[in-house]
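Summary of structural features
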Amino acid sequence: MISDLDAMQAALAEAQEAAAEGEVPIGAVVVYGGEVIAWGQNRVLRNVDPTAHAEIIALREAAKVLGNYRLNGCTLFVTLEPCTMCAGAMIHARLDRLVFAAADPKAGACGSVLSVLNHPQLNHQLQVEQGILAEEAGTLLRSFFRERR
């Protein structure tokens, strides 16, 4: 049984790998049955794909592992608050839970800029938690962008 802290550390390791490849350092993992079943990291540049966010990559892999696009019983751990695209995908996937590290005051769709998740008119609600390893994830992002300026 993986702990929330260990799962977020795995997501942070994915973010660090993305940074090493020149991608914005965001990482994600999907946990099902107490085990990590899928990993993702930003691959927008490498895949030449605007939808290749860490969350989307991880959700796609989890769906393959489970043989179902519905990810009931799954938790997504991600190092940065998801954007509107990723939040929408989580709703369609029927995730049980989202845990994110750092808030995104520029594009966050889970409360920072927009509140896409758990809108009362939507047909799916999920548990949302934030803050695990927020400082580490934020430091990684700030360092990445500082080096590019």
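Preceding this paragraph is the structure being described.
In this text the structure is predicted, and so the values were computed from the model without any measurement.

**Re the side chain of Glu 23**
Relative to the elements of secondary structure, Glu 23 occurs in the loop between helix H1 (4–20) and strand S1 (27–32). For Glu 23, a relative accessible area of 2% puts it in the buried group. Only 3.3 Å separates the side chain of Glu 23 from the backbone nitrogen of Val 44, close enough to count as a polar contact. Engagement of the side chain of Glu 23 in a polar contact is seen with the backbone nitrogen of Leu 45, the distance being 3.0 Å. With sequence-adjacent residues up to four places away left out, Glu 23 is seen in contact with Ala 18, Asn 42, Arg 43, Val 44, Leu 45, Arg 46 and Phe 144.

**What to know about the nonpolar core**
The biggest cluster of nonpolar side chains holds 46 residues, and the ones touching the most others in it are Val 30, Leu 71, Leu 76, Leu 95 and Leu 98. Taken together, the elements giving at least two residues each to this core come down to H1, S1, strand S2 (35–41), helix H3 (54–66), strand S3 (74–80), helix H4 (84–93), strand S4 (97–102) and helix H5 (134–148).

**A short note on the environment of Val 65**
You can see Val 65 is positioned in helix H3. Val 65 sits in the partly exposed class, given a relative accessible area of 48%.

**Comments concerning the pattern of salt bridges**
A complete count under the given rule lists five salt bridges for this structure. The salt bridge involving Glu 23 is made with Arg 46; its shortest N-O contact spans 3.2 Å. Residue Glu 23 is found in the loop between H1 and S1, and its partner Arg 46 is found in helix H2 (residues 44–47); the two are separated by 23 residues along the sequence. When salt bridges that share partners are traced, they join Asp 4, Arg 97 and Glu 129 into one network.

**A few points about the environment of Ala 11**
Tracing the backbone shows Ala 11 in helix H1. Here Ala 11 falls in the buried class, since its relative accessible area comes to 0%. For the pair Ala 11 and Leu 80, spaced 69 residues apart in sequence, the C-alpha separation works out to 9.9 Å. Ignoring anything within four residues of it in the chain, the contact list for Ala 11 reads Gly 27, Ala 28, Val 29, Phe 77 and Thr 79.

**Section: the packing of H3 against H4**
In the contact formed by H3 and H4, the axes pass within 9 Å of each other and the chain directions differ by 20°. Judged on the interaxial angle alone, H4 and H3 are roughly parallel. In the packing of H3 onto H4, the handedness of the crossing is left-handed. For the pair H3 and H4, contact is made by Glu 55, Ile 56 and Leu 59 and by Met 85, Cys 86, Ala 89 and Met 90, respectively.

**Comments concerning H1**
Helix length check: H1 (17 residues) gives 25 Å between terminal C-alpha atoms against 24 Å at 1.5 Å per residue, within 8%. Listing the buried residues of H1 in full gives Ala 7, Met 8, Ala 10, Ala 11, Leu 12, Glu 14, Ala 15 and Ala 18. In this fold, the buried residues of H1 make contact with S1, S2, H2, S3, S4 and H5. Looking one or two residues beyond H1, the residue adopting positive phi is Gly 22, at roughly 85°.

Rules used in this analysis
Residues numbered from 1 in each chain as written. Predicted model: local features only at pLDDT ≥ 70, side-chain atom pairs only at ≥ 80, totals over all residues. Heavy atoms only, no water. Helix = DSSP H or I, 4+ residues; strand = E, 2+ residues; numbered from the N terminus. Buried < 20%, exposed > 50% of the residue type's maximum accessible area, 1.4 Å probe, protein only. Polar contact = N/O pair within 3.5 Å; in protein donor to acceptor, adjacent residues only side chain to side chain. Contact = heavy atoms within 4.5 Å. Core = buried A, V, L, I, M, F, W, Y, C linked by side-chain atoms within 4.5 Å. Salt bridge = Lys/Arg side-chain N within 4 Å of Asp/Glu carboxyl O. Axes fitted to C-alpha atoms, helices over the stretch in contact; angles between N-to-C directions. Parallel < 35°, antiparallel > 145°, perpendicular 65-115°, else oblique. Left-handed = near helix turned anticlockwise from the far one by under 90°. Expected span 1.5 Å × (residues − 1).

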